[in-house]
Structures are given as C-alpha cells and as structure tokens.
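Structural overview
Listed below, chain by chain, are the residues.
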Amino acid sequence: MNRLSTPAATSFATPWGTYDLTRFPEDPREQLRAWDAADEYLLRHLAGEGDSAQGAATDLAGRAVVVLGDRWGALTTALAAHRPTGIGDSHLAQRATAANLARCGADPDAVRLLSTRDTPPDRIDVLLVRVPKSLALLEDQLHRLAPAMHPGTVVVGTGMVTEIHTSTLQLFERILGPTRTSLAVRKARLIFCTPDPALDPGPSPWPRSYALPADIGPASGRTVTNHAGTFCAEHLDIGTRFLLGHLPTAAPGATVVDLGCGNGVVGTAAALAAPGARLLFIDESHQAVASAEATFRANLGPDAPAEFRAADALSTEAVEPGSVDLVLNNPPFHSHQATTDATAWRMFTGARRALRPGGELWVVGNRHLGYHVKLRRLFGNCELVAGNPKFVVLRAVRR
C-alpha cells in the first residue's frame, strides 16, 4: 500500500506499514484521531510484538479473518492484505473504512464490509473485536458470530481500560468460552477468548420491546422495538419524552424526517398525529434504523408511507436539498468516549440544506448545550418552544 497524505490525516504506524487515516466525514479541523492505543496494541500482538504475544505472531495467511466493530477502519486497513470481513453498526465507520482503504491504495475488493444486520460469514478462523460502548451490541453480535467459530478460532478483543469491564469479560466467557485479559499498555487492554464448541449460550435476547407511558401524546401506550445497541433500549429517555410532549403536527402530505431516529419513537408519534405525512427515518446506526422500522410498522402497518436509511445525517447523498417540510431531532453529544458538538452541528447544517423555505427544524437538547446559539447563527432565527430546568425544545425556520 502507498502512504498518501491529506490535511486531516493522521499517520498510523503498524507492523504492516504506516497509513494515513481520517475519520468520516473528513474535516481538516478534526482533533480526534482515527485510531488509538487499543488498535495499536492489537496489531502489535498479532505481529508477535510486545509481552502479550510472547514472541508468537498470529497466522493470518489464508484464514477467514473477521474484524468486528472497527471504529474508523484502522484495523481493517492495516490487515487489508489478509482480505478481512469487517462487520459494524456504524454507517460513518463503514464510510471511513472504505475511504481509508482507498487512500492507502488497497484493492477495493480486498475487504468485505457488512452491517450488523447482514448475515455473518459461515466460518471464522480469526475474530478481532473492537469492544463497543454498548454491552448489549457486543452480546448480540457474539451470539450471531458464535456458530461460525470452531475450536481453533483465534479470538482477540481490544479496548481502552475504561471500555473493558468484568461484565465485558463475562459476555465472552458465557457466549464463546474461557476468557482472560492482558496487562494494560498505554491504558489499553486485550481480551483473549478460546471458543468452546460444547458451550450452548442459547439465543440472543435481542430485540426487546417495551410499552410507552400513557401521557406522551399520540404515541401513548404504543410498543417500541429495540435492537441491541439502540439508544435507551430499555426505557424512554427523558429528553425524547419532553419533545413528545411538545411535538408539532405535520401538515397533510408533509415530508417529515426523524433525524438520529434511534428506535423511531419520535417519527412514529409524528405519523400517528398526522396520518397523511410521509416519514423518513435516518440514523448512522444500522441497529437503530432496524429498530425504527420495527417500531413504525408495528404501530402504523405495512403500507404507511415511510423510508428508513442508514446515512450521514442529512447529507446531500441522503436527502435531496429543499425536499423536507419538518425535521425532528434529539442530537447526540458523544462520539464513542469523546464529548463533542460536531454531530449536532452536522445535523443542523444538513437540516437547513434539506428543508424547503418555510420548513422547520425542531430540536430537543440539554439546556446547558446552548443549541439556540448555533441555530440562530445558522438559520437566523430560533424560538424557545418549551423548557424545564434540564431540557429545551427549540424551533428554527428555514427562510
């Protein structure tokens, strides 16, 4: 592979070469790297470097290698010569991986990228796991991948010490087999698991459902479906609940977007309040999009007009500019372990581009985040619809 430089790239030195990697979407001002010490530790172990490897490199030649949960493609790019299969929940991570592979000159057919909703490979010889923030997502994916493993499968997980807990190790042990950890190096740790073919972990407990409260408007008492890893999969989060209590009613025939839809409860409530509206559910999580579709269809039936997309917010690739009447949004303010408003800003700018003149963006957020400042700067207006000591609901109109 060739090493090419870009303004937003960070050089990642590995036993297989040095690669310039970026997150997605690329931003020359980005301060967060596309890799960390956990990625580095795992790759050094595979190459037989460091105390954890005890001098023995892992044989990857001709073996079925699966990389689960690669954050921005660092592991997949470094191992592209071994033609791995990458499995992930994040649309943005998949885009980053594809872009980093292309930037580093990899064969475009060298890596097979699957979502967590796709059928996994039927055989896995080496499983590399980047431990996700969501324990539920890890549980579900280990259940899905377990049938493809055999006694000789090499299983190595990696994460920062703040991401690996006793419960994490217990999942590997319960679903796959005996598990141990490495010493911490630069605040990163490895997980080693030996598959036990006699182990019967049973089926995955996901998806799960719960009934909504009775005092939240059109969606009161309705059933919500959550696939593993979806935000607030066990209960309705208080920010969304506050928005549901102040939800606007869309005009007949309006195009409404549930942006960052999660399990789709907001868009489903909007559709229940305005049966003639056309709903579009967007999230960067494949698990969330599947949850939103299940929630919507269970409550409005198979023929109600709606689309479900894993996408980069309201980018021009996802939605035609000037085609939307109403955007409903509860933006996240974390990216993995980092606190950032970059996602919210991208959602707001995308909403402005996607809205028709007179179209509205409704946002719920923690009061202290100051979203009203960003919205006034972007839209030239921002109205406080409702507020309590913790949350605000804001409305901005596309002029």
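Preceding this paragraph is the structure being described.
Cut-offs applied
Residues numbered from 1 in each chain as written. Predicted model: local features only at pLDDT ≥ 70, side-chain atom pairs only at ≥ 80, totals over all residues. Heavy atoms only, no water. Helix = DSSP H or I, 4+ residues; strand = E, 2+ residues; numbered from the N terminus. Polar contact = N/O pair within 3.5 Å; in protein donor to acceptor, adjacent residues only side chain to side chain. Buried < 20%, exposed > 50% of the residue type's maximum accessible area, 1.4 Å probe, protein only. Contact = heavy atoms within 4.5 Å. Pairing = 2+ DSSP bridges. Axes fitted to C-alpha atoms, helices over the stretch in contact; angles between N-to-C directions. Left-handed = near helix turned anticlockwise from the far one by under 90°. Nonpolar A, V, L, I, M, F, W, Y, C, P; charged D, E, K, R; others polar. Right-handed = clockwise from strand over helix to strand, strands pointing away.

1. As for the side chain of Ser182
- For Ser182, the location among the structural elements is in the loop between strand 8 (179-181) and strand 9 (188-193).
- Here Leu190 takes part through its backbone nitrogen, which lies 2.9 Å from a polar atom of the side chain of Ser182.

2. Quick look at the environment of Ser291
- In this fold, Ser291 is placed in helix 8 (residues 286-300).
- Taking the relative accessible area as the measure of exposure, Ser291 reaches 0% and is therefore buried.
- Distance from Ser291 to Gly177, taken between C-alpha atoms, is 30 Å for residues 114 residues apart in sequence.
- When sequence neighbours within four positions are dropped, the list of residues in contact with Ser291 reads Thr225, Asn226, His227, Thr230, Gly262 and Asn263.

3. As for the sheet that holds strand 3 (residues 65-68)
- Reading across the sheet, the seven strands line up as 5-4-3-6-7-9-8 and stay open at both edges, with mixed pairing between neighbours. Whereas interior strands pair on both sides, the edge strands pair on one side only; in this sheet they are strand 5 (112-115) and strand 8. Averaged over all pairs of adjacent strands, the angle between their axes in this sheet comes to 20 degrees, without regard to strand direction.
- Across five bridges, the pairing between strand 6 (residues 126-130) and strand 7 (residues 154-160) is parallel. The residue bridging Leu127 from the neighbouring strand is Val155, located in strand 7.

4. A closer look at the packing of helix 9 (residues 342-354) against helix 10 (residues 371-379)
- Two numbers describe how helix 9 lies on helix 10: the axes approach to 11 Å, and their chain directions differ by 35 degrees. Note that helix 9 runs across helix 10; the crossing there is right-handed. Of helix 10, the residues touching helix 9 (which contributes Ala344, Trp345, Phe348, Thr349 and Arg352) are Tyr371, Lys374, Leu375, Arg377, Leu378 and Phe379.
- Grouping the amino acids of the contact of helix 9 with helix 10 by side-chain chemistry returns seven nonpolar, one polar and three charged.

5. What to know about the pairing of strand 6
- Extensive coverage of strand 6 is indicated by the burial of five of its five residues.
- Two elements, strand 3 and strand 6, share four bridges in a ladder whose sense is parallel. If you follow Val66 over to strand 6, its bridge partner there is Leu127.
- In this fold, the crossover linking strand 6 to strand 7 by way of helix 4 (residues 135-145) has right-handed handedness.

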